[in-house]
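# Inside the fold
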Amino acid sequence: MKKLLWCFVFVAAMGVQAATSELTTQAVPPLKPLSEQPKAAHLAAELLTRHHYKPVPLDDALSAKIFDRYLKLLDGEKRFFVQSDIDHLEAARTSFDDAIYNEYLGLPFAIFNLYTQRVVERFTYARSLLKDSFDFRKNEHYQYNREKAAWAKSEQEIKELWRTRVKSDWLRLKLAGKDDKAIIETLDKRYENSLQRVALTKSEDAFQLFMNAYATSIEPHTNYMGSRATEEFDISMRLSLVGIGAVLTQKDDYTIIRELVPGGPAQLSEQLKPGDRIMGVAQGKNGVVADILGWRLDDTVAKIRGEPDTIVVLDILPVDAGPDGQHKLVALTRKKVTLDRQAAKKSIISVAEGKTTRRIGVISLPAFYADFEARGRGDPDFKSATRDVNRLLDELKTDKVDGVLMDLRNNGGGSLAEAVQLTGLFIGAGPVVQQRDAKGSLTVARAADAIVAWDGPLAVLINRNSASASEIFAAAIQDYGRGLVIGERSFGKGTVQTMINLDQIVKNETPALGDLKLTIAQFFRINGGTTQLRGVEPDINFPSFTDEENSGESSFDNALPWAKVQAADYSPQGNQKALLPSLQMRHEARIKSVQGFKFLKEDVAEASRLRKRTSVSLNEAERRREREDQEAKIALRKKLRGTEEDAQSGPNGEETEARNTGSVQDDGLQADERDLKKELAAEKARKDAKDILLDEAAHILSDQVGLLKRETRVAVRGKPASSINSDEKPWPQGAPATTW
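What you see is a predicted model, and the numbers here were worked out from it, not measured in a lab. (Residues numbered from 1 in each chain as written. Predicted model: local features only at pLDDT ≥ 70, side-chain atom pairs only at ≥ 80, totals over all residues. Heavy atoms only, no water.)

### Here's the deal with the overall build of the protein
If you tally the helices and strands in the protein, you get 23 helices and 19 strands. Within the protein, the proportion of its 740 residues that are buried is 54%. Considering only residue pairs separated by 6 or more positions, the protein has 78% of its internal contacts joining residues 24 or more positions apart. Accessible surface computed for the protein: about 33,100 Å², of which carbon and sulfur atoms make up 51%. (Helix = DSSP H or I, 4+ residues; strand = E, 2+ residues; numbered from the N terminus. Buried < 20%, exposed > 50% of the residue type's maximum accessible area, 1.4 Å probe, protein only. Contact = heavy atoms within 4.5 Å. Areas by Shrake-Rupley, 256 points an atom, 1.4 Å probe, with all protein chains shown as cover.)

So, in structure tokens, the structure goes:
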């Protein structure tokens, strides 16, 4: 091992010398593993090979996977290494298992040190290009998405890539109205910050990256966390730190919103979505936006956090926009996230069909929450999602609603116990979900002693960000035939994780080894299938911006496969499938006349087109034409939306839910601080826009109510239910309601 490492370091050093002969780069001291890290790696390997739900031996085969994932984590877009580097590194491909078991981590650290040296070289070269301007009349392109590209074959090729990158950065700022002097200052500072952050890299950073290359090579939800990462995880679980309530991740130079914490300022603002990229941060409404492209994630988080009731402004590149898309400024007031702010909420949507108006009760549930501490100390009034939903259902029954729609969009899960008990409010006592552990033992979670709180028409609205406990609830409602599932295919996370403190295992008094998040079990539906990988498929699908290839569980190349076990002992309570053809037909006919759905379908197509693009033009005239075309499209939409909303407006005496559906925008990149008030006003208008997806889900449930009432009426007349004609007119005004 040591001989291999010596040879590797020598070859790598020769590569650095050849690559830097024409450049003056700052020296970055090489990192070395800390004394406790080899022990932590060995201990983690023992746990992963013995106690993981999918145990995988640490051998040469797994070492090769770790090697590929390590390179991907370091340089996934292939912007730093060249092919000769990769050829030299190949000597380490099957040696990581030996490095871990022999507790000698010089090899992964040598690779990391070569990477940091390459980063210094590339950004030093980028700064050197700022001495001269560029000719934006040429028909050149910058390939910004290089995930599937080949490694640059030579230094000349990698320099050309970086030349086009700098030219692209320059053009983006120029399109945003900045002059050459301001552009040079902005880019020089940005590249300098990247160099400074490399110099601040610590051994813990290198070790955690390598260990995550190992852990995620087994399964995507298994992770290693050093002491600092563990602290961040604990904060996110307690929801006790003042901030915006968003979980962030990093890919390449971008800070990306991974998920919105239910009840947090980011989620309540309805201006942010998972996948949005944070390009800059300002303190206060009048603060100057600081460019954070390329920052370390922890530095970005520190800048976003702050004192309660203070304002932070985020410069956002929306997930639905391309890399050259229009930014928006989002002002958020920092708050402490509490259970009260996560609480379920109700509203009522009135749906008119001919002379009949039906009232659809909506319960929006951001998470399956529970105050375990209060329940543990015997507080009779402890807060829980099940209790809150039960109370809201009683209120909706008093309001005489015709159906209940559970809105679980962007609900990332929460307490399994709450998911089971809340399901019982609609199905009564019975099995809800099955769980299989690493030994193959299967257990069934039941809604014990549950009393039905709502036995009327029911629908569940989900999207791609509905995960875990949300999927358990939606799947059970679907399997029992208890209600409709509407929306997008859910996330597909059907696994259970636990946290293992490595210091506790070896009885360390001082934290040093970190934590391991380990997958230990898998969920299965009561019908025997699983939500893992495939998620919950809606009965009626809505158009979606989501790129399933790059989002959800199926986007992971090593996710656990879909599987099947024996079905639980349960009795279906209905058959929604009989109504689906009629409901689908009515849905499709209705949305043809809804302008918002036409816009949505156009946006979905545009988002799909943008996702397929891997490069952007560096011709200024062409880019300006694209922006003008997009501005004309947005202006036309505003006019058409105004006409549609005027036609549909009018008091109906009901409280109506309103949310932002969003749209694709695609012009200049860098938002200007001076336009903050204008941007905030535009965001308020978008926030107040009608939620066409929620509205259509309410219409579908209303259709179901009508069809079920018609079925009851036909049955009373003695006509077979199977002979129902979906085109029959609804009951006349004032007809008696069906008893459920």
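Moving on from the model shown.
### Quick notes on the nonpolar core
Generally speaking, nonpolar side chains in soluble globular proteins are found buried as a group. Core analysis: the biggest nonpolar cluster contains 73 residues, and Y214 and L502 have the highest contact counts within it. Looking at this core, the element that brings in the most residues is helix 6 (residues 106-128), giving 11 residues. Residues contacting Y214, with those up to four places away along its chain left out, are A45, L48, T49, L58, L62, I66 and I100. F368, A447, A469 and V496 belong to the second largest nonpolar core, which has 46 residues in total. (Core = buried A, V, L, I, M, F, W, Y, C linked by side-chain atoms within 4.5 Å.)

### A word on the pattern of salt bridges
Note on pairing: side chains with opposite charge can pair once their charged atoms come close. On inspection of all chains with the given rule, the structure shows 35 salt bridges. Note that D557 is salt-bridged to R69, the shortest N-O span being 2.9 Å. Taken as a pair, D557 in the loop between strand 18 (540-541) and helix 19 (580-591) and R69 in helix 3 (residues 60-75) lie far apart in primary sequence, 488 residues in all. A salt bridge links R118 to E121; its shortest N-O distance comes to 3.0 Å. (Salt bridge = Lys/Arg side-chain N within 4 Å of Asp/Glu carboxyl O.)

### As for helix 12 (residues 297-304)
Among the residues making up helix 12, those that are buried are D298, T300, V301 and I304. Each buried residue of helix 12 lies within a common arc of 155 degrees when the element is viewed along its axis, so the set occupies one face. (Arc of directions from axis to C-beta.)

### Regarding unusual backbone geometry
Positive phi is not limited to glycine here, since K78 has a value of about 55 degrees. Inspection of the secondary structure assignment puts K78 in the loop between helix 3 and helix 4 (83-89). The buried category is assigned to K78, whose relative accessible area is 13%. Not every positive phi belongs to a glycine, and N410 is a case in point at roughly 65 degrees. Summarising the element assignment, N410 is placed in the loop between strand 11 (403-407) and helix 16 (416-427).

### Digging into the environment of I520
By the secondary structure assignment, I520 is in strand 17 (residues 515-524). Expressed as a C-alpha distance, the spacing of I520 and P55, which sit 465 residues apart in the sequence, is 9.9 Å. Discounting residues that sit within four places of it in the chain, I520 has contacts with H51, Y53, R436, D437, A438, V496 and T498.

### Structural notes on the sheet that holds strand 14 (residues 458-462)
Where strands meet in a sheet, backbone hydrogen bonds hold them as pairs that are either parallel or antiparallel. The 6 strands are arranged 9-10-11-14-15-18 in an open sheet whose pairing can be described as mixed. Of all strands in the sheet, those with a lone pairing partner are strand 9 (345-353) and strand 18, marking the two edges. Of the strand pairs in this sheet, strand 10 (residues 356-364) and strand 11 are connected by 5 bridges, and their pairing is parallel. Among the inter-strand pairings, V362 is bridged to a residue of strand 11, identified as L405. Contacts between helix 17 (residues 469-479) and the sheet are confined to strand 11, strand 14 and strand 15 (484-487), with strand 14 contributing the most and set at about 145 degrees to the helix. (Pairing = 2+ DSSP bridges. Axes fitted to C-alpha atoms, helices over the stretch in contact; angles between N-to-C directions.)

### Some remarks on the packing of helix 3 against helix 6
Between helix 3 and helix 6, the least distance of the axes is 11 Å, while the angle of their chain directions is 30 degrees. Judged by the inter-axis angle, helix 3 sits roughly parallel to helix 6. Crossing of helix 3 against helix 6: the hand is right-handed. Contacts between helix 3 and helix 6 involve Y70, L74 and D75 from the former and P108, I111, F112 and Y115 from the latter. (Parallel < 35°, antiparallel > 145°, perpendicular 65-115°, else oblique. Left-handed = near helix turned anticlockwise from the far one by under 90°.)

### Some remarks on the packing of aromatic side chains
In the structure shown here, the tally under the stated rule is 19 aromatic pairs. Ring centres 5.0 Å apart and planes at 75 degrees place the aromatic pair F123 and W162 in the edge-to-face group. Here W162 lies in helix 7 (residues 155-175) and F123 lies in helix 6, a separation of 39 residues in the sequence. Here F123 and W162 have matching classes, each one buried. For the ring pair F542 and F597, a centre distance of 6.1 Å and an interplane angle of 75 degrees mean the geometry is edge-to-face. Of the two residues, F542 is situated in the loop between strand 18 and helix 19 and F597 in helix 20 (residues 595-612); the sequence distance between them amounts to 55 residues. F542 sits in the buried class, given a relative accessible area of 7%. (Phe/Tyr/Trp six-rings, centres within 6.5 Å; stacked < 30°, edge-to-face > 60°.)

### As for the pairing of strand 7 (residues 311-317)
Buried residues dominate strand 7, accounting for 6 of its 7 residues. Pairing of strand 7 with strand 8 (residues 328-333), which is carried by 6 bridges, proceeds in the antiparallel orientation. The partner of L314 across the bridge, within strand 8, is V330.

### Some thoughts on the environment of N508
Take N508: it is sitting in the loop between helix 18 (502-506) and strand 17. The residues contacting N508, other than those within four sequence positions of it, are D503 and L513.

### A look at the side chain of S470
As for its placement among the helices and strands, S470 is situated in helix 17. S470 gets classed as buried once you look at its relative accessible area, which sits at 0%. Sequence-distant contacts of S470, that is, excluding residues within four places in its chain, are made with F368, L408, N411 and G413.

### Brief notes about the pairing of strand 11
Among the 5 residues that make up strand 11, 5 are buried, leaving the element largely enclosed by the rest of the structure. Pairing analysis gives 4 bridges linking strand 11 to strand 14, with the strands arranged parallel. Its bridge partner lying in strand 14, L405 is registered against A459.

### What to know about the confidence of the model for the protein
This prediction gives the protein a mean pLDDT of 83; 82% of its residues lie at or above 70. Below pLDDT 50 for its whole length, residues 9-24 participates in 18 contacts with residues either more than four positions away or in separate chains. The model gives residues 721-740 a pLDDT under 50, and that stretch makes 31 contacts with residues more than four places away or in other chains. (pLDDT = per-residue confidence, 0-100.)

### Concerning the environment of K303
Inspection of the secondary structure puts K303 in helix 12. As a C-alpha pair, K303 and V281 span 22 residues in sequence and 7.3 Å in three-dimensional space. Dropping the residues within four chain positions of it, K303 is found in contact with V281, Q283, A290, W295 and R334.

### Things to note about the packing of helix 6 against helix 9 (residues 203-218)
Running from N to C, helix 6 and helix 9 point in directions that differ by 110 degrees, and their axes come no closer than 10 Å. Considered as vectors, helix 6 and helix 9 are oriented roughly perpendicular to each other. The handedness of the crossing between helix 6 and helix 9 is right-handed. On the side of helix 6, the interface is formed by P108, F109 and F112, while helix 9 contributes S203, A206, F207, L209 and F210. Taken together, the residues of the contact of helix 6 with helix 9 break down into 7 nonpolar, 1 polar and no charged. (Nonpolar A, V, L, I, M, F, W, Y, C, P; charged D, E, K, R; others polar.)

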